[in-house]
Each structure stands twice: as structure tokens, then as C-alpha cells.
Amino acid sequence: MSFVFAAESDFDPQHEFILEEWIPLHLGPLDMSVNKAVVYLWVGGFLTIFLGIWLMRFGLSLRPNRRQTTGESIYELVQAQIAESSLPRKALHLWFPYVASLFLFIWILNIVGFVPLPISNDTFDFFGVELPTLGIYAATANLSVTLALALITFGATHVEGIRYNGPSRYFKSWIPEGVPKPLLALIVPLEVISQFMRLISLSVRLFANMLAGHMLILVMLGLIFIFSSWVLIPISVVAGTAIYLFEVGIVVTIQAFVFALLSAIYIGAAIEPQH
Amino acid sequence: MDILLAQTTDAGLADLGKAIAFGVGVGLGAVGAGIGLGTIFGSMIQAVARQPELRGELTGIQWLGFALVEAVVFYALLGALLAFVLV
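Engineer: Honestly, the overall build of chain B in this entry has me stumped. Any pointers?
Structural biologist: For chain B, the helix and strand inventory stands at three helices and zero strands. A globule of 87 residues ought to have a C-alpha radius of gyration of about 12 Å, yet chain B, at 20 Å, is considerably larger. The buried share of chain B, taken over its 87 residues, is 11%. Considering only residue pairs separated by 6 or more positions, chain B has 75% of its internal contacts joining residues 24 or more positions apart.

Now the structure itself:
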């Protein structure tokens, strides 16, 4: 929240979401520059790998300690709630790892987004040393990240559907059974569009949730600076903290859960269309 | 008072209209999602009251429904933001 240190300047909440190029990297038309979101992705990716290895990969025993219990409960949550209820048995071994890592990765990206980290465009003067200001920013509050994740699911859905059923049976399964012939002209475009709407709804749901969560906290605290009044401080801080707790306690987990669950449902429904 | 006077220009009026449209758009989205969330949690309470042993199975479905319905507000927010910025 860099504006805390720049209270007198103009308040614009969207400033926190501007991505400046830190290490410019252009491959032809591709812009692969390293910016704030990329650094947050690195942090999230590293933490996911570390957590996965630390929780589940060594020192396992029949009398589990606390670390192993945590790992097992995460595993069991994904297995019971997400994978087994929506993926068919024959595809479980192949797609359970994907769904589980999707859940863990998105959850960590979301939760890292609510920890104040010194990864920011702004700096402040601390006894003569220029330090980056502490800021909160989530990599998932960026449409490119969530769209990339949704594209993987989208690609996997159709590849698996065709692989298990063959192209003609798979594409026929999009159309509901017993539709009269004249209605087909109406139904077929609708079903094709609905497949692509999944892509939008999957990515925008996560992106907009995280963006709106960060915006709300920012705006609640920003009210102090918009009206430049001391009276607002208790109200703003309490409201901001309440939203923060709601986001960290509920939204972060639910969004990761729903993204993984919907991925599993889409892939499972493509593999066994009659369900 | 200064703020009100500034709105009497044409550009000011356009900004005013955009702000009102933004608020109404997101607000209507929130009304829909509010009704939906009320229905979901109300049904959940009824279901658990009738059959408490099903709570575990129902919780997952409840949160899935919660997230799907809640996202509607954000579609409204995104649409309103796009209209606000682009128009």
C-alpha cells in the first residue's frame, strides 16, 4: 500500500495494478518482460514446489506428525471433494495430479497476494536507504495468469475428450439427445459458444474476485485520503480489516477450490460424456 | 459545492452519467447475486436441519454454488468497468 507513504499525492487505486517493466525482454512481437506479476508468479511457484516437497515427500511414517497430517489432509480434501466426485475412475491416475497441483498453486498465489511483500514499483527512504515499499498484489489479479491456467484446462478437456471417445462421438456429445432436427441450427451454435464461455467464466471468475478484493481494501483505506479527514480512520481501518479477513479466510480458498473443481468437472465430463 | 458546480459543464455531466451508470450496473448485479446467495444458504440450512448426516456432502456443493453465484457480481463489475473506461 504505497500510498500510505505518499499520503499527500493523488489517490488512484488502479496505480497498484500497473505493471512496469523491470527487466525488459522482447522476443519479436512477444513481450516477455519481467514485471511485478512475474515476480509474484515466481514466488508462488517456488512456494508451491517447496510446500509440496516439504509436506508430502520425506520423513513419512505410520504415526504421522503435524507436518504429515497437514499434507495428508490437503491430499484428502482434493481427492475426496474434487477428484473422485467428478473425474471418472479410468482417468483418475492421469488427472488427479493436475487438479491437485492446480488447487495448491492457485491457493498459494492467492494467499501470497495478501501477504505484504517488498515487491513494488515504489520505494521509500528508510534512514538514507532506498527500500521498496511493502505492497499487496496477487498474480491471480491479472487476467493473463488466470487465462493461461484456464487455457490449459480448456486444451486438456478437448484433447482428452477426443482421445477417449474419438472425434465424432465427442463432438456429437455436445448436443443434448432427442433434439428435433429443425432446432439443431439453433442448438449447435449455442453449444459451441458455451464451450468458449467456459474459458471466459473460468478465468474471469478468479481474476475479478482477486482484483475486486484488493481494490476494496485499497478503496476502504483510500477513503481517508480522498476525504483527508481523521474521523474516517477508525471506520476505514475496521472495514478494510474486515474485508481482508473475509478475503483471506473464505475467498482465497473457495476460488482455488472452485477453479480446480470446475477443471475436474469439465475434463471428467469430456472423458465420459453420457454423465 | 465546487463539485456540484463542476458537474454543470457538458464534460462534467457526461462523467456524472457514467458514474451513475456504473453504480446502477454493479448494484443490479449485486441484487441478483444477493438473492442467489440467500437461496443457496437458506436451502443449505433447511437441508442440514432435515438431514444433518448429509452436511459433509452438501458443503462442497454449497461452496461451489456460492462461488458460481458470487462471480455474477464480478461479471457485472467488469462489464460496468469496461463501459466506464471505453465509452
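From this point, things continue past the structure.
Engineer: Looking at this model, I keep getting lost on the overall build of chain A. Mind explaining?
Structural biologist: For chain A, the count of helices and strands is seven helices and four strands. Reading chain A from its N terminus to its C terminus gives the helix and strand order β-β-α-α-α-β-β-α-α-α-α. A buried classification covers 30% of the 275 residues belonging to chain A. Nonlocal contacts in chain A, meaning residues at least 24 apart in sequence, comprise 67% of its contacts between residues at least 6 apart.

Engineer: Can you walk me through the interface of chain B and chain A in this structure?
Structural biologist: Each partner contributes residues to the interface: chain B has ten residues there, and chain A has eleven residues. Among the residues making up the side of chain B that touches chain A, the classes are represented as nine nonpolar, one polar and no charged.

Engineer: For this particular structure, what's the right way to read helix 6 (residues 184–227) of chain A?
Structural biologist: Side chains that are three or four residues apart share a direction in an α-helix, a result of its 3.6 residues per turn. Along helix 6 of chain A, the helix axis deviates most sharply at Leu221(A), where the bend reaches about 35°. Of the residues flanking the end of helix 6 of chain A, it is Ser228(A), one or two places downstream, whose phi is positive at about 35°.

Engineer: I would appreciate a short explanation of the environment of Gly23(B) in the present structure.
Structural biologist: All names here are of chain B. Relative to the helices and strands, Gly23 resides in helix 2 (residues 10–50). Residue Gly23 is classed as exposed on the basis of its 11 C-beta neighbours within 10 Å. Spatially, the C-alpha atoms of Gly23 and Leu54 are 40 Å apart, while their sequence positions differ by 31 residues.

Engineer: Sorry, what's going on with the packing of helix 4 (residues 143–165) of chain A against helix 7 (residues 232–271) of chain A here?
Structural biologist: The relative placement of two packed helices is expressed as an angle between their axes plus a distance between the axes. All names here are of chain A. Interaxial distance between helix 4 and helix 7 falls to 7 Å at its minimum, and their mutual angle equals 20°. Taken as axis vectors, helix 4 and helix 7 run roughly parallel relative to one another. The way helix 4 lies across helix 7 gives a crossing that is right-handed. Residue-level inspection shows Thr153, Ala156, Thr157, His158, Glu160, Gly161 and Tyr164 of helix 4 in contact with helix 7, the latter providing Ser263, Tyr266, Ile267, Ala270 and Ile271. In the contact of helix 4 with helix 7, the residues fall into six nonpolar, five polar and one charged.

Engineer: What is the right way to look at the pairing of strand 3 (residues 123–126) of chain A in this model?
Structural biologist: All names here are of chain A. Two strands pair when backbone bridges link them, and strand 3 and strand 4 (residues 129–132) are joined in this way by four bridges, in the antiparallel orientation. Its bridge partner being in strand 4, Phe124 is matched across the sheet by Leu131. In textbook terms, the turn of a hairpin is the stretch between consecutive antiparallel strands, and for strand 3 and strand 4 this stretch comprises two residues, one of which, Phe127, has a positive phi near 50°.

Engineer: Quick question: what am I supposed to make of the confidence of the model for chain B here?
Structural biologist: Keep in mind that low pLDDT regions are not for reading the predicted coordinates in detail. Summing up the model confidence of chain B, the mean pLDDT is 85 and the portion of residues at 70 or higher is 91%. When mean pLDDT is taken per element in chain B, helix 2 of chain B scores highest with 90 and helix 1 (residues 2–6) of chain B scores lowest with 57.

Engineer: Help me out: how do you make sense of helix 1 (residues 36–56) of chain A in this one?
Structural biologist: Residue and element names in this part refer to chain A. For helix 1, spanning 21 residues, the distance from its first C-alpha to its last is 30 Å, which sits close to the expected 30 Å at 1.5 Å a residue. Residues Lys36, Val38, Tyr40, Leu41 and Gly44 constitute the buried set of helix 1. The secondary structure elements touched by the buried residues of helix 1 are helix 3 (92–112) and helix 4.

Engineer: Even after reading the chapter, I still don't get the nonpolar core, so can you show me in this structure?
Structural biologist: Proteins that are soluble and globular tend to have nonpolar side chains buried together. Of all hydrophobic cores here, the largest spans 66 residues; its most connected members are Val99(A), Phe103(A), Phe259(A), Ala260(A) and Ala264(A). When residues no more than four places from it in sequence are discounted, the contact partners of Ala264(A) are Ile82(A), Ala83(A), Ser86(A), Leu87(A), Trp95(A) and Val99(A).

Engineer: Teacher, can you tell me more about the confidence of the model for chain A here?
Structural biologist: Averaged over every residue, the pLDDT of chain A is 85; the share at 70 or more is 94%. This model gives residues 1–8 of chain A a pLDDT under 50, and the stretch forms 13 contacts once residues within four places in sequence are excluded.

Engineer: Quick question: what am I supposed to make of the environment of Ala37(A) here?
Structural biologist: Residue and element names in this part refer to chain A. Residue placement: Ala37 occurs in helix 1. Taking the C-alpha atoms as reference, Ala37 lies 10 Å from Gly113; in sequence the two are 76 residues apart. Residue contacts for Ala37: discarding those within four places in its chain leaves Leu19, Ala139, Asn142 and Val145.

Engineer: Teacher, can you tell me more about the environment of Gly249(A) here?
Structural biologist: One can find Gly249(A) in helix 7. Residues Gly249(A) and Leu184(A), 65 residues apart in the sequence, show an inter-C-alpha distance of 46 Å.

Rules behind the numbers
- Every chain is numbered independently, its residues counted from 1 as its sequence is written.
- All chains are assigned letters beginning at A, and all ligands numbers beginning at 1, according to the order in which they are written.
- Totals for whole chains, interfaces and linings use all residues, but because this is a predicted model, local features are given only for residues with pLDDT of at least 70 and pairs of side-chain atoms are given and counted only at 80 or more.
- Starting at the N terminus, helices and strands are each numbered in turn, a helix being any DSSP run of H or I of at least four residues and a strand any DSSP run of E of at least two.
- Values of the radius of gyration come from C-alpha atoms, whereas the globule rule sets the reference at 2.2 Å times the count of residues to the power 0.38.
- The burial criterion counts other C-beta atoms lying within 10 Å of a residue's C-beta, which is placed from the backbone; the residue is buried at 20 or more, exposed at 12 or fewer, and partly exposed between these limits.
- Remark: residues whose backbone-derived C-beta atoms lie within 7 Å of one another are considered to be in contact.
- The classification used treats Ala, Val, Leu, Ile, Met, Phe, Trp, Tyr, Cys and Pro as nonpolar, Asp, Glu, Lys and Arg as charged, and all other residues, Gly among them, as polar.
- Fitting axes to the seven residues that end at a residue and to the seven that start at it, the angle between those axes gives the bend at that residue.
- Lines fitted to the C-alpha atoms define the axes, with helices restricted to the stretch that makes contact. Angles between their N-to-C directions range from 0 to 180 degrees.
- Any angle that is under 35 degrees is reported as roughly parallel, and any over 145 degrees as roughly antiparallel; angles of 65 to 115 degrees are reported as roughly perpendicular and all others as oblique.
- Note on convention: near helix rotated counterclockwise from far helix by under a right angle means a left-handed crossing. Clockwise means right-handed.
- A strand pair is defined by DSSP finding two or more bridges across the two strands.
- As a per-residue measure, pLDDT tells how confident the predictor is, with possible values from 0 to 100.
- In this analysis, the expected span of each helix is defined as 1.5 Å times one less than the number of residues it contains.
- Each nonpolar core comprises buried Ala, Val, Leu, Ile, Met, Phe, Trp, Tyr and Cys residues, the members being joined through C-beta atoms within 7 Å.

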